[in-house]
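Coordinates in review
Below are the chains, spelled out letter by letter.
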Amino acid sequence: MASPTEPVAGMNVDQAELQKFAELAHKWWDKNSEFKPLHEINPLRLNYIDQYASLAGKEVLDVGCGGGILSESMSERGAKVTGIDLGEKALKVAQLHRYESGADVDYRLISVEDLASERPESFDVVTCMEMLEHVPDPAAVVRACARLVRPGGQVFFSTLNRNPKSYLFAVLGAEYVLKLLPKGTHEYEKFIKPSELASWARQSGLDVQGSKGMTYNPLSKRYSLNDDVSVNYLLRTVKS
C-alpha cells in the first residue's frame, strides 16, 4: 500500500485550493459539516456511474478523491478502487476511515498526470468529480484521465457550468444565502462550460456519451439528477 507521504512532482495544483481543503480535512466524514452536500449527492453520482459502468469487478480510479467518500462507496459496489489526491491531510483522513469501514481502497498522494505516465491504460473506469474547477489546467487533467483508462473504458466527470445562473446558485446561493458551502469554496472564473469539457474530452480521444444535471431544491432540501446542466453537471465519456 502506497504511503500518503509519497513525493509528488509536476503538480497541476493550486496551493491555495489545497490549503482551503486541508483546513477542513478532519470534517470529511462528518455528514453535518461543510461536506454535507458531498454526502448528499454521493448516492446520485454513485448510481449514475454504476448504471453505465457496472462497477462490480472493475478496476476504478477516483481522481481527486479527497477524504474518500466516492472511493469507498464504489468499493462497496464491488470495484477495486484506487483513490488519488494531492491533499495529504485529506488522504490521511481517507486512510483512517478505510481502517474503520474496512473498505478496500488504495490511496496515493500523486498527481493524475504522474500516474498517467506510470500506469497508462490501467483502469476500466476513471472518475473525476468536483475537481476540475479547482486546478489551474483542467484540460491537462482530462488528457491524463484519458491516458489512464483502457480502450472501451469509461471516464466520468462532474463540475460546474459557467454562466450567470451558476454564479447565482453555486456561489451566491450555496455559499452566502443557504450556506451549504464555506464562503470562497468556488471561484466563478474556474467554472467550465459543458462545450469546453466535451471539446477537451474529444481532443483526448474520449467520445462523449451523455450528460446529466444535478440540482438542489431548497424547499425539499434534496438533490436530484435531471436534464438541467446549467449549474452542476456530470459528463460520461468512453475511450475510443
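Residues numbered from 1 in each chain as written. Predicted model: local features only at pLDDT ≥ 70, side-chain atom pairs only at ≥ 80, totals over all residues. Heavy atoms only, no water.

In this section: the pairing of strand β5 (residues 149-160). Every regular strand shows the same layout, with side chains that alternate between the two sheet faces. Among the 12 residues that make up β5, 9 are buried, leaving the element largely enclosed by the rest of the structure. For strand β4 (residues 123-129) and β5, the ladder comprises 6 bridges, and the chain directions are parallel. Bridging from a neighbouring strand, C128 pairs with F157 of β5. Read from β4 through helix α6 (residues 138-148) to β5, the crossover connection turns out right-handed. (Buried < 20%, exposed > 50% of the residue type's maximum accessible area, 1.4 Å probe, protein only. Helix = DSSP H or I, 4+ residues; strand = E, 2+ residues; numbered from the N terminus. Pairing = 2+ DSSP bridges. Right-handed = clockwise from strand over helix to strand, strands pointing away.)

Attention now goes to helix α4 (residues 88-101). Every α-helix carries 3.6 residues per turn, so stepping three or four residues along brings you back to the same face. Taking 1.5 Å as the rise per residue, α4 with 14 residues should run 20 Å; its terminal C-alpha atoms sit 20 Å apart, in good agreement. Taken as a whole, α4 has its buried residues at A90, L91, V93, A94, Q95, H97 and R98. In this fold, the buried residues of α4 make contact with α3 (69-76), β2 (80-85) and β3 (105-109). (Expected span 1.5 Å × (residues − 1). Contact = heavy atoms within 4.5 Å.)

This brings us to the sheet that holds strand β8 (residues 232-239). Pairing is mixed in the open sheet, where 8 strands are placed in the order β3-β2-β1-β4-β5-β8-β6-β7. What marks the edges here is a single partner per strand, and that holds for β3 and β7 (222-226). In this sheet, neighbouring strand axes are inclined to one another by 20° on average, regardless of whether the strands run parallel or antiparallel. Here 5 bridges tie β2 to β3, and the two strands are oriented parallel to one another. Pairing of G83 across the sheet is with Y107, part of β3. Where helix α2 (residues 36-53) meets the sheet, its contacts fall on β4, β5, β6 (206-217), β7 and β8, and the angle it forms with β7 comes to roughly 25°. Packing against the sheet, α6 makes contact with β1 (59-63), β4, β5, β6 and β8, and its axis sits at approximately 150° to β5. (Axes fitted to C-alpha atoms, helices over the stretch in contact; angles between N-to-C directions.)

This next bit is on the side chain of H97. You can see H97 is positioned in helix α4. Residue H97 is classed as buried on the basis of its relative accessible area of 18%. The residues contacting H97, other than those within four sequence positions of it, are W29 and E72.

In this structure, W28, I49, L55, V60, M74 and F156 are the most contacted members of the largest nonpolar core, which totals 32 residues. Listing elements by their share of this core, those giving two or more residues are α2, α3, α4, β3 and β4. Considering each element in turn, this core owes the most residues, 6 residues, to α2. If you look at the next biggest cluster of nonpolar residues, it comprises 28 residues, including V126, M131, V155 and F157. (Core = buried A, V, L, I, M, F, W, Y, C linked by side-chain atoms within 4.5 Å.)

Between two packed helices, the angle of one axis relative to the other and the distance separating the axes together describe the packing. The geometry of α2 relative to α3 is characterised by a closest axis approach of 10 Å and an angle of 45° between their N-to-C directions. The angle between α2 and α3 places the two elements in the oblique class. The handedness of the crossing between α2 and α3 is right-handed. Listed contacts from α3 to L38, H39, N42, R45, L46 and I49 of α2 are I69, L70, S73 and M74. Across the contact of α2 with α3, the residue classes break down as 6 nonpolar, 3 polar and 1 charged. (Parallel < 35°, antiparallel > 145°, perpendicular 65-115°, else oblique. Left-handed = near helix turned anticlockwise from the far one by under 90°. Nonpolar A, V, L, I, M, F, W, Y, C, P; charged D, E, K, R; others polar.)

Further remarks concern unusual backbone geometry. Non-glycine residue S54 carries a positive phi angle of around 50°. Looking at the element boundaries, S54 is found in the loop between α2 and β1. Judged by its relative accessible area of 45%, S54 falls in the partly exposed class. Although it is not a glycine, E121 sits at a positive phi angle of roughly 50°. Summarising the element assignment, E121 is placed in the loop between α5 (112-118) and β4.

Attention now goes to the packing of α6 against helix α8 (residues 194-203). The contact between α6 and α8 brings their axes to 9 Å, and the two run at 40°. What the angle tells us is that α6 and α8 run oblique. Helix-helix and strand crossings are classified by hand; for α6 and α8 the assignment is right-handed. Contacts between α6 and α8 involve P138, A139 and V142 from the first element and L197, W200 and A201 from the second. Of the residues in the contact of α6 with α8, the class split is 6 nonpolar, no polar and no charged.

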